[in-house]
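Secondary and tertiary structure notes
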Amino acid sequence: MRRPFPVAVLVFVAACATLRGIYFREPEIHLQEVRVTSLGLAGGTVDLEFDVYNPNNYRVRSTRLFVGLDLEGTHFGDGLLDNPVELAPEYHNRIVLPVRFEWSGVGAGARALLTRQELAYELGGEVTLATPLGDKTVTLRGSGNVPLAALVP
């Protein structure tokens, strides 16, 4: 009669030894550009282009990204990306998040879209990441000025 128990113990010990050297560092997320992709009578869409650096030495998968965007001090819109996005290890990854908006209520932010080359922004939200150590939720906060890409005709 064979004893499967010692084999299971060896596999468990090997897995623990492998995971002992793994730890999670939060990705660095920076808004690089706001790109106007459509304008209509009721509103439009902007794409937020993020640079996401994964400092970990293993692949991380984004399972959900939610961002609220304020432009020129006015809430502009919210974006949700719930398609999985792979983040390569120790690499800068590009993520594009579309945000729909309506003209009513966006005031100064809407005027800035039409008249400026750069926008003052604030954003907040969270991203859920699948890692070898389990799911992690990272809070997003940021503010500053970001270039506004011209509307493509």
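Given the structure is predicted, the values throughout are model-derived calculations rather than measurements. (Residues numbered from 1 in each chain as written. Predicted model: local features only at pLDDT ≥ 70, side-chain atom pairs only at ≥ 80, totals over all residues. Heavy atoms only, no water.)

The nonpolar side chains of soluble globular proteins are, as a tendency, buried together. Residues Val46 and Leu48 are the most contacted members of the largest nonpolar core, which totals 34 residues. Apart from the residues within four sequence positions on either side, Val46 is in contact with Val34, Arg35, Val36, Thr37, Phe76, Leu97, Pro98, Val99, Phe101 and Leu113. (Core = buried A, V, L, I, M, F, W, Y, C linked by side-chain atoms within 4.5 Å. Buried < 20%, exposed > 50% of the residue type's maximum accessible area, 1.4 Å probe, protein only. Contact = heavy atoms within 4.5 Å.)

With that settled, consider the confidence of the model for the protein. Chain-level statistics for the protein give a pLDDT mean of 84 and a share of 84% at 70 or above. The element-level mean pLDDT for the protein is lowest in helix α1 (residues 4-20), coming to 52, with strand β5 (residues 85-87) highest at 95. (pLDDT = per-residue confidence, 0-100. Helix = DSSP H or I, 4+ residues; strand = E, 2+ residues; numbered from the N terminus.)

This part is about the pattern of salt bridges. Under the definition given, this model contains four salt bridges. We note a salt bridge from Arg94 to Glu49, for which the minimum N-O separation is 3.3 Å. With Arg94 in strand β6 (residues 91-102) and Glu49 in strand β2 (residues 43-54), this residue pair connects regions lying 45 residues apart in the sequence. Overall, Glu49 belongs to the buried group, its relative accessible area being 15%. One network of salt bridges, with partners in common, ties together Glu33, Arg35, Glu49 and Arg94. (Salt bridge = Lys/Arg side-chain N within 4 Å of Asp/Glu carboxyl O.)

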